Amino acid sequence: MKNHWTLTNKIQDGFFEMSFKKKKKDPAYNFSDRTPAWVRSAIWYEIFPERFYPGKKFTPSLQQLYPASRNIEGWKISRWTGDWYQPEEWEKQHFENQFYRSVHARYYGGDLPGIEKKIPYLKELGINALYLTPIFYGISSHKYDAVCHHHIDPFFGPDPEKDLHSLQKANESDDPDTWIWTEADKYFLYLVKKLHNNDMRIIIDGVFNHTGRHFFAFRDILKKGKKSPYRNWYNITRWDKNLPDGFEYQGWAGTRLLPEFLQVNDTLAYGPEKYVKNIVKRWTAPPCDPEAGVDGWRLDVADCLPLSFWQKFRQWVRCCNPEAYITAEIVEPAPHCFQTSTFDALMNYPFGYISRAFFLEKKLSSAETLSRLEGLYDLYPWSVALSMQNIYSSHDTPRLATQIVNSDTPASSWDSLFFPSKLQNNPDYSVRAPVKKEKMVHRLMLLLQFSMMGAPFIYYGEEAGMWGANDPDCRKPMLWNEWNYDREIHHPFHLNRPPDTPSFDHELYNFYKRLIHIRKNTSALQDGTFQPAGKTSSKVLDFFRSNKEQTIRIVINACSNNHIFTVPDNRDYQPLLFLYPDVHIDGKRLYLPPQTGEYFLIR
């Protein structure tokens, strides 16, 4: 692997056309092993808390506390096991049966006690690193519209009624000396400590580019106008008392629901910057229990904020915890981010683009695929490449099973993955369950994901066989083995679809579990070099991962025909996975049937 490159041509024809020019080492960047070592052995599992597991009982009094219950007659918590596209009575009446309006008012009741109850499930699967989408107080189910960052959402905690009452009485401001600790706050710290006791790390979502309109500082501006002490926190473009709010402001991506913080001199304005610094301290090294601090941050829309701000952010985090991990949501290659000390790694969406171009769109040969993967990782310092989060799906994409079902829809760039996979944009996008041949492709893609540089990243429920189009359909309630689910027969636009009955996919779960076990117990897959093996069939991936202790050969046959390798006379090939019984070695010939793969330890 080469350490210092410049990307000169980023994207062409929907996937990567990379050319590189070697450059001198930037003295401002420390190319030593600077990322936390624990990340290389991480098995990431993303949880969307509101849809993972409900840990507390729902009484009528609890349901009445939800904001939606005060605005929508007949509103109630949605049934966890119901048909996703079937509207409830309150949806039909209040939203005139328009699914993509009513779905955003749904709550299913997932919470932090639910995550705690499922720690044994996560541990059995082999997960050792969690990423939670926003858990701070917010109005929506997704919480990207924060009310504040210094409190965990009361509905994620054990006693929402008590917390809401406490917050109403508290006279809080942006000064951390005024902040109380709610039951939800304390429960989160308890959960972090319990995860640590179970050998799991946890990172949380930092949304520092924008807030919701209910954010305490923005509410104060709405109330006091120019007299608000927070008037310089936001990007207010015009004051006019004749406007509905009395002013105009910049919202993220033009969305008025998400007002953006003001940026000044290549960083956040003084007020929000100081607030974020205090947030980092509160959750990375909480004063009431420093051992219960989070293990890092995932930074939302990180490319919307200046790198100079992220340099400061890194210093704040590292001062609290030198082993904390910082990963950024940037959906394209971004080597420029590592010319100064900012992030440890990125959510590696480009890995998924290349993989889909090979397995689904069939645009790339195996040689081109491996070359592009090698070029992608060569963009970054060695320690960064080993710390990337290799991702196929998330709360912002269709689920992997649904990407495969819709393999005729291009998905080898962010735009082609994101926009056509929303049914609001493309009603013909298929919402059915995968069939057997598609499940085989799913498994092949996992063989690549779990054998590449960087850590594998699993979106909750992928291991259970969940399917779903892009947001919000990728955010269905988790599929649990102990519950029976309704048949899915509805379609949001009343189009024909085959009926499907969601059920926990034990075979797929065991496939994930085996891959996780091998990944965690094979050092070369965690920190080894990456080297294509040479010429082979156009649809067979063949490469090595090697470190000082081990050499692993990975072979993945995406052909419809058998593939036969000749094993060198002086080497012993020991299979590791045993996931495909028909893969075998006869003498010095290795037989790889269609749609199979194996990892071999070479001795």
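Within any chain, residue numbers begin from 1 and follow the written order of that chain's sequence. At least 70 in pLDDT is required for a residue's local features to be given in this predicted model, at least 80 for side-chain atom pairs to be given and counted, and no such filter applies to totals for whole chains, interfaces and linings, which use all residues. Think of the side-chain values as coming from all heavy atoms in the structure, minus any hydrogens and water.

### Some remarks on the overall build of the protein
- A run of H or I in DSSP counts as a helix once it spans at least four residues, and a run of E counts as a strand once it spans at least two, with each numbered from the N terminus. Secondary structure summary: the protein contains 19 helices and 24 strands in total.
- Atoms counted for the radius of gyration: C-alpha only. Globule rule: 2.2 Å times the number of residues to the power 0.38. Relative to the 2.2 N^0.38 estimate, which gives 25 Å for 603 residues, the radius of gyration of the protein is 25 Å and therefore close to what a compact globule would have.
- Along the first, second and third principal axes, the C-alpha atoms of the protein reach 80 × 60 × 45 Å.
- Type-normalised accessible area, obtained with a 1.4 Å probe on protein chains alone, sets the label of each residue: buried when under 20%, exposed when over 50%, and partly exposed for intermediate values. Here the protein, with 603 residues, has 61% of them falling under the buried criterion.
- Relative to all contacts within the protein whose residues are 6 or more apart in sequence, the contacts with residues 24 or more apart total 70%.
- Per-residue and other accessible areas were derived by the Shrake-Rupley procedure at a 1.4 Å probe size, with only the shown protein chains allowed to occlude residues. Of the roughly 24200 Å² of accessible surface on the protein, a fraction of 48% belongs to carbon and sulfur atoms. When checking whether two residues touch, look at their non-hydrogen atoms; a contact exists if any pair is within 4.5 Å.

### Details of the packing of aromatic side chains
- Any two rings among Phe, Tyr and Trp, with Trp reduced to its six-membered ring, count as a pair given centres within 6.5 Å; such a pair is stacked if its planes are under 30 degrees apart, edge-to-face if over 60, and tilted if neither. Taken as a whole and judged by the stated rule, the model has 66 aromatic pairs.
- Ring geometry for Phe 218 and Tyr 249: centres 5.0 Å apart, planes at 70°, overall edge-to-face. Within this pair, whereas Phe 218 is found in helix 9 (residues 216-224), its partner Tyr 249 is found in strand 9 (residues 247-249), the two being separated by 31 residues in sequence.
- Look at Phe 218 and you get buried, because its relative accessible area is 0%.
- Under the relative-accessibility criterion, Tyr 249 is labelled buried at 9%.
- Whether a charge sits over a ring depends on NZ of Lys or CZ of Arg being within 6 Å of the ring centre and within 35 degrees of the ring normal. It is Lys 118 that lies over the ring of Tyr 53; its NZ or CZ is 4.7 Å from the centre.
- Of note, Lys 118 hangs over the ring of Trp 480, and the distance from its end group to the ring centre comes to 4.1 Å.

### Topic: the sheet that holds strand 21 (residues 573-575)
- Two strands pair under a simple rule: DSSP has to find at least two bridges between them. The five strands are arranged 17-18-19-24-21 in an open sheet whose pairing can be described as antiparallel. In the strand order of this sheet, the two ends are held by strand 17 (529-532) and strand 21, each with one partner. Each neighbouring strand pair of the sheet contributes to a mean axis angle of 30°, computed without reference to strand direction.
- With seven bridges connecting them, strand 18 (residues 540-546) and strand 19 (residues 551-557) associate as antiparallel partners. The partner of Phe 544 across the bridge, within strand 19, is Arg 553. An axis is simply a line fitted to the C-alpha atoms; with a helix, the fit covers only the stretch in contact. Between two such axes, the angle follows the N-to-C directions and lies from 0 to 180 degrees.

### Some remarks on the packing of helix 17 (residues 436-449) against helix 18 (residues 506-520)
- As a packed pair, helix 17 and helix 18 sit with axes 11 Å apart at the nearest point and diverge in direction by 15°. Here helix 17 lies roughly parallel to helix 18, going by the angle between them. The interaxial crossing formed by helix 17 with helix 18 has right-handed handedness. On the side of helix 17, the interface is formed by His 442, Arg 443, Leu 446, Leu 447 and Gln 449, while helix 18 contributes Glu 507, Leu 508, Phe 511, Tyr 512, Leu 515 and Arg 519. Here roughly perpendicular refers to angles of 65 to 115 degrees, roughly parallel to angles under 35, roughly antiparallel to angles over 145, and oblique to all remaining angles. Take the far helix as the reference: if the near one is turned anticlockwise from it by less than a right angle, the crossing is left-handed, and if turned clockwise, right-handed.

### What about the sheet that holds strand 22 (residues 584-586)?
- Strand order in the open sheet made by the three strands is 20-23-22, with antiparallel pairing throughout. The open sheet is flanked by strand 20 (563-566) and strand 22, the only strands paired with a single partner. Going from strand to strand, the sheet's axes swing by 25° on average, the running direction of each strand aside.
- In this structure, strand 22 lies alongside strand 23 (residues 589-592), joined through three bridges in antiparallel fashion. The residue bridging His 584 from the neighbouring strand is Tyr 591, located in strand 23.

### Regarding the environment of Asp 527
- Note on placement: Asp 527 falls in helix 19 (residues 523-527).
- With 490 residues separating them along the chain, Asp 527 and Ala 37 place their C-alpha atoms 9.7 Å apart.
- Each polar contact in these results corresponds to two N or O atoms within 3.5 Å; when the atoms are within protein, one needs to be able to donate a hydrogen and the other to accept it, and residues that are neighboring in sequence are counted only if both atoms are side-chain atoms. A distance of 2.9 Å separates the side chain of Asp 527 from the side chain of Asn 547, its partner in a polar contact.

### Remarks on the packing of helix 12 (residues 349-359) against helix 13 (residues 366-378)
- Look at helix 12 against helix 13: their axes get within 10 Å of each other, and the N-to-C directions meet at 175°. Here helix 12 lies roughly antiparallel to helix 13, going by the angle between them. For the pair helix 12 and helix 13, contact is made by Pro 350, Phe 351, Ile 354 and Phe 358 and by Ser 366, Thr 369, Arg 372, Leu 373, Leu 376 and Tyr 377, respectively.
- Throughout this entry, Asp, Glu, Lys and Arg are counted as charged residues, while Ala, Val, Leu, Ile, Met, Phe, Trp, Tyr, Cys and Pro are counted as nonpolar. The remaining residues, Gly among them, count as polar. The residue inventory of the contact of helix 12 with helix 13, partitioned by class, reads seven nonpolar, two polar and one charged.

### Looking at the confidence of the model for the protein
- When the pLDDT values of the protein are averaged, the result is 92; 95% of them are 70 or greater.
- For the stretch residues 1-33, pLDDT sits under 50, and the model shows 80 contacts to residues farther than four places along the chain or on other chains. Here pLDDT means the predictor's own confidence in every residue, given as a number from 0 to 100.

### Regarding the side chain of Asp 83
- Within the secondary structure, Asp 83 is located in the loop between helix 2 (67-71) and helix 3 (89-95).
- Charge counting follows a simple rule: Lys and Arg are positive, Asp and Glu are negative, and His as well as the terminal groups are ignored. Only one rule defines a salt bridge in this text: a Lys or Arg side-chain nitrogen within 4 Å of an Asp or Glu carboxyl oxygen. It turns out Asp 83 is buried and unbridged, and the closest side chain with the opposite charge, Arg 497, is 5.1 Å from it.
- A polar contact is formed between the side chain of Asp 83 and the side chain of His 490, at a distance of 2.9 Å.
- Contact partners of Asp 83, with chain neighbours within four places excluded, come to Asp 486, Arg 487, Glu 488, Ile 489 and His 490.

### Quick look at the pattern of salt bridges
- Overall, the coordinates contain 35 salt bridges when judged by the stated rule.
- Two residues, Asp 300 and Arg 298, come together in a salt bridge whose shortest N-O distance is 3.1 Å.
- The buried category is assigned to Arg 298, whose relative accessible area is 0%.
- In this structure, the salt-bridge partner of Lys 422 is Asp 471, at a minimum N-O distance of 3.8 Å.

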